[in-house]
Amino acid sequence: MSKAFASQSDLADKAITFEQLSAHCWAYTAEGDPNSGVIIGEQFIMVSDATATPAMAQDLIARIRTVSDKPIKYVLLTHYHAVRVLGASAYRAEGATEVIASQGTYELIVERGAQDMQSEMERFPRLFRNAESVPGLTWPTMVIAGGDPTRGEVPGRLVIDLGGVKVQIWHPGPGHTRGDTIAWVEEEKVLFSGDLVEYEAGVYTGDAQLAEWPATLEVLRVLKAEAIVPGRGEAMKGAANVNKALDYTKRWVEMLFAAGKEAAAANMSLKAAMDHTRQSMDPVFGHVFIYEHCLPFDVSRAFDEASGIKHPRIWTAARDQEMWAALQG
């Protein structure tokens, strides 16, 4: 039986949690939907991941206003995906003057932002309710350059003082995309990872750098965070639970890529690669949120990278449907 495309049949609202993790750090999570992070200083507020639409951002803003009336000056884009960035315009009315991203994220917006916006709106109708409120692509006003630490290069870093709390923003290495950016509140040991880290939810790898991703996770592990807001899944508190989230993501990535390499080496078709990957992935991860949504995109990317396509091919709405019909039809 053909499965409903991506998340088009997932229309039930999720229970939202807005919880304080430390003196200045908060997590906005929703049962496996995309998370956001909030850092509240004595002068300014920063939001990490803006939600999918300005209309959806209003719920996050309302929750922030229950604990602070300070201007939400900064919006961090942990990467370029539409469900993370297209709500950014809502924060202008709350004082936002700066949208921060890495150089890699900026380049990906230029290269494929428009196609990704159309693609994701069709994949996630529930998350893109009131899509008419989106004014267009979100463009950064502050771009962080710098190298890849997994190759021994020194990454560019931006330190933002919100008043009473400093936030380090940098690119720890390629993984979920080649431009992933984190926020790190070192004094409070809280990490906002974006989709570099997930927990008990599908790990979307459709635009990933799979070979490098495990090393990037180890860069994050060295921070010894005591709380993490992952891209999806509950906020994890305590060093042991932070490591549990890192391990979960690493296991997904390594298991997926191993299956992709085996399929490519055996000259399998993409459909055969999907069946092969299920043999290892389904028993371990088949129960988690958006597993069936993520897996076809993940297998496609793993097969591509294992076949020598290092730079991910652009997902368009048409490519989405063609792939889905072949693998989930």
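Residues numbered from 1 in each chain as written. Predicted model: local features only at pLDDT ≥ 70, side-chain atom pairs only at ≥ 80, totals over all residues. Heavy atoms only, no water.

A. Broad picture of the overall build of the protein chain. Across its full length, the protein chain carries 8 helices and 13 strands. Against the globule reference of 20 Å for 329 residues, the protein chain gives a C-alpha radius of gyration of 19 Å, in line with a compact fold. A separation of at least 24 residues holds for 71% of the contacts in the protein chain among residues at least 6 apart in sequence. Of the charged side chains in the protein chain, 31 are positive and 43 negative, and the gap between their average positions amounts to 1 Å. (Helix = DSSP H or I, 4+ residues; strand = E, 2+ residues; numbered from the N terminus. Rg over C-alpha atoms; globule rule 2.2 N^0.38 Å. Contact = heavy atoms within 4.5 Å. Lys, Arg positive; Asp, Glu negative; His and termini not counted. Charge placed at Lys NZ, Arg CZ, Asp CG, Glu CD.)

B. Inspection of the packing of aromatic side chains at higher detail. Scanning all chains against the criterion turns up 10 aromatic pairs. Summarising the aromatic geometry, the rings of Tyr199 and Tyr248 are spaced 5.6 Å apart at their centres and angled 65° between planes, so their arrangement reads as edge-to-face. In this pair, Tyr199 is assigned in the loop between strand 11 (190-194) and helix 4 (213-221) and Tyr248 in helix 5 (residues 239-265), connecting sequence segments 49 residues apart. According to the relative accessible area criterion, Tyr199 is buried, its value standing at 13%. Owing to a relative accessible area of 8%, Tyr248 belongs among the buried residues under this scheme. What links up through ring pairs into an aromatic cluster is the set Tyr199, Tyr248, Trp252, Phe285 and Tyr291. (Phe/Tyr/Trp six-rings, centres within 6.5 Å; stacked < 30°, edge-to-face > 60°. Buried < 20%, exposed > 50% of the residue type's maximum accessible area, 1.4 Å probe, protein only.)

C. The sheet that holds strand 13 (residues 236-237), seen in detail. Across the sheet, which stays open at both edges, the 6 strands sit in the order 8-9-10-11-12-13 with mixed pairing between neighbours. Two strands lie at the open edges of the sheet, namely strand 8 (157-161) and strand 13, each paired on one side alone. In terms of strand pairing, strand 11 meets strand 12 (residues 227-230) through 4 bridges, oriented parallel. Considered in strand 12, the bridge of Phe192 is made with Val229. (Pairing = 2+ DSSP bridges.)

D. Inspection of the sheet that holds strand 5 (residues 72-76) at higher detail. In space, the 7 strands of this open sheet follow the order 1-2-3-4-5-6-7, with mixed pairing throughout. In the strand order of this sheet, the two ends are held by strand 1 (17-20) and strand 7 (142-144), each with one partner. Going across the sheet, the axis of each strand differs from the next one's by a mean of 20°, ignoring polarity. In this structure, strand 2 (residues 25-30) lies alongside strand 3 (residues 33-40), joined through 5 bridges in antiparallel fashion. Across the sheet, the residue bridging to Cys25 is Ile39, located in strand 3. The sheet contacts of helix 3 (residues 103-123) involve strand 6 (98-102) and strand 7, and relative to strand 6 the element is tilted by about 95°. (Axes fitted to C-alpha atoms, helices over the stretch in contact; angles between N-to-C directions.)

E. Geometry of the nonpolar core. With 49 residues, the main nonpolar core has Leu191, Val197, Leu210, Trp213, Leu220, Trp252 and Met281 as its most contacted residues. Of all elements in the fold, only strand 10 (182-185), helix 4, helix 5, helix 6 (270-285), helix 7 (291-306) and helix 8 (317-327) reach the threshold of two or more residues within this core. Ranked by residue count, the leading element in this core is helix 5, at 11 residues. Residues in contact with Trp252, not counting those within four places in the same chain, are Ala201, Gly202, Val203, Thr205, Met281, Phe285, Val288, Tyr291 and Asp298. (Core = buried A, V, L, I, M, F, W, Y, C linked by side-chain atoms within 4.5 Å.)

F. Representation of helix 1 (residues 54-64) in the model. For helix 1, the complete set of buried residues consists of Pro54, Ala57, Leu60, Ile61 and Ile64. Buried residues of helix 1, viewed axially, fall in a sector of 105°; they line one side. Here the buried face of helix 1 lies against strand 1, strand 2, strand 3, strand 4 (45-48) and strand 5. (Arc of directions from axis to C-beta.)

G. Up close: the side chain of Ser36. You can see Ser36 is positioned in strand 3. A relative accessible area of 2% places Ser36 in the buried class. Within the structure, Ser36 has its side chain in polar contact with the backbone oxygen of Asp49 (distance 2.7 Å). The contact partners of Ser36, leaving out residues within four places of it in the chain, are Ala27, Tyr28, Ser48, Asp49, Ala50, Thr51, Leu60 and Val229. (Polar contact = N/O pair within 3.5 Å; in protein donor to acceptor, adjacent residues only side chain to side chain.)

H. Focus on the environment of His171. Here His171 lies in the loop between strand 9 (166-170) and strand 10. Judged by its relative accessible area of 14%, His171 is buried. Sequence separation between His171 and Gly146 is 25 residues; the distance between their C-alpha atoms is 7.7 Å. In terms of polar contacts, His171 uses its side chain to reach the backbone carbonyl oxygen of Asp180, at 2.7 Å.

I. Fine view of the pairing of strand 10. Every second residue of strand 10 is oriented toward a common face, with Ile182 and Trp184 on one face and Ala183 and Val185 on the other, all of them buried. Note that strand 9 and strand 10 share 3 bridges and pair antiparallel. Opposite Ile169, over in strand 10, you have Ala183 as the bridge partner. Where strand 10 lies against strand 11, 3 bridges are found, and the strand directions are antiparallel. Considered in strand 11, the bridge of Trp184 is made with Leu191. Counting the residues between successive antiparallel strands, the hairpin from strand 10 to strand 11 contains 4 residues, one of them, Lys189, with a positive phi of roughly 60°.

Bear in mind that shape data such as this cannot, by itself, settle questions of function.
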